[in-house]
Amino acid sequence: SWDEAITLYEEMNKRAIIPSPQTIQGLILAYYHKGGQSAVKSIVNSLLQKDGLSFTERTFRLVSKILFKEVDTNLDDFRKKVRDIGEEDSTLRKVSLNLIRSVRVAEIESGRPKTIHK
């Protein structure tokens, strides 16, 4: 159940065990099914502040699909939403800039056409 995924993560956290990418993905899905997008935003913010924890591409895509459903079809709108989040909440400014940079790197690595902003 989703509660078990959350309990597992909490126990790992108490024991200072760094969760695997699959555990992080399960945790994110659990929070989504239990509390929707706002719960996912909260847990992602918490996870991003932990030392030694990093998101894999698959985890990044999962979070993107939950929080930014248009990420696969319209990267310009996605970037704007992320920038807006960073501008609205100063505690998320650095994270939002890092996310935009990560998207840009992923674009370059995937060979997608690049968008030039004027």
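Residues numbered from 1 in each chain as written. Predicted model: local features only at pLDDT ≥ 70, side-chain atom pairs only at ≥ 80, totals over all residues. Heavy atoms only, no water.

Draft legend 1. Spotlight on the overall build of the chain. The secondary structure content of the chain amounts to five helices and zero strands. For the chain, the α and β elements follow one another from N to C terminus as α-α-α-α-α. Radius of gyration (C-alpha) of the chain: 15 Å, near the 13 Å computed for a compact globule of 118 residues. Considering only C-alpha atoms, the chain reaches an extent of 50 × 30 × 25 Å along its principal axes. Across the 118 residues that make up the chain, the buried fraction comes to 30%. (Helix = DSSP H or I, 4+ residues; strand = E, 2+ residues; numbered from the N terminus. Rg over C-alpha atoms; globule rule 2.2 N^0.38 Å. Buried < 20%, exposed > 50% of the residue type's maximum accessible area, 1.4 Å probe, protein only.)

Draft legend 2. Looking closely at the nonpolar core. Of all hydrophobic cores here, the largest spans 21 residues; its most connected members are I28 and L47. Taken together, the elements giving at least two residues each to this core come down to α1 (2-14), α2 (21-48), α3 (57-67), α4 (75-88) and α5 (93-110). A per-element tally of this core places α2 first, with eight residues. (Core = buried A, V, L, I, M, F, W, Y, C linked by side-chain atoms within 4.5 Å.)

Draft legend 3. Spatial organisation of α3. Within α3 the residues assigned to the buried category are T59, L62, V63, S64, I66 and L67. Considering only its buried residues, α3 is in contact with α2 and α4. (Contact = heavy atoms within 4.5 Å.)

Draft legend 4. The arrangement of the confidence of the model for the chain in detail. Averaged over all residues, the pLDDT of the chain is 83; the fraction at 70 or higher stands at 92%. The lowest-confidence element of the chain is α5, averaging 80 in pLDDT; the highest-confidence one is α1, averaging 92. (pLDDT = per-residue confidence, 0-100.)

Draft legend 5. Geometry of the packing of α1 against α2. Their axes nearest at 8 Å, the elements α1 and α2 cross at an angle of 90°. When the axis of α1 is compared with that of α2, the two are roughly perpendicular. In this structure, α1 contributes W2, D3, A5, I6, L8, Y9 and M12 to the contact, and α2 contributes T23, G26, L27, L29, A30, Y31, H33, K34 and L47. Grouping the amino acids of the contact of α1 with α2 by side-chain chemistry returns 11 nonpolar, three polar and two charged. (Axes fitted to C-alpha atoms, helices over the stretch in contact; angles between N-to-C directions. Parallel < 35°, antiparallel > 145°, perpendicular 65-115°, else oblique. Nonpolar A, V, L, I, M, F, W, Y, C, P; charged D, E, K, R; others polar.)

Draft legend 6. How the structure looks around the environment of E4. Structurally, the position occupied by E4 is in helix α1. Residues E4 and L27 lie 23 residues apart in sequence; the distance between their C-alpha atoms is 9.4 Å. In terms of polar contacts, E4 uses its side chain to reach the backbone amide nitrogen of S1, at 3.0 Å. (Polar contact = N/O pair within 3.5 Å; in protein donor to acceptor, adjacent residues only side chain to side chain.)

Draft legend 7. Region of interest: the packing of α4 against α5. Look at α4 against α5: their axes get within 7 Å of each other, and the N-to-C directions meet at 160°. Taken together, the axis directions place α4 and α5 in an arrangement best described as roughly antiparallel. As α4 packs across α5, the resulting crossing turns out to be left-handed. In this structure, α4 uses L75, F78, R79, V82, R83, G86 and E87 to contact α5, whose residues at the interface are R93, S96, L99, I100, V103 and E107. For the contact of α4 with α5, the per-class residue count stands at six nonpolar, two polar and five charged. (Left-handed = near helix turned anticlockwise from the far one by under 90°.)

Draft legend 8. Focus on the pattern of salt bridges. One pass over the full model with this rule turns up five salt bridges. Here R79 ties to D76 by a salt bridge, and the two come within 3.2 Å at their closest N and O atoms. Taken as a pair, R79 and D76 lie in helix α4 at a separation of three residues, close to a single helical turn. The class for R79 is buried, based on a relative accessible area of 4%. For D76, a relative accessible area of 35% corresponds to the partly exposed category. In this structure, D84 engages K80 in a salt bridge whose closest nitrogen and oxygen atoms are separated by 3.0 Å. Note that D84 and K80 are positioned in helix α4 at a spacing of four residues, about one turn of the helix. Judged by its relative accessible area of 44%, K80 falls in the partly exposed class. (Salt bridge = Lys/Arg side-chain N within 4 Å of Asp/Glu carboxyl O.)

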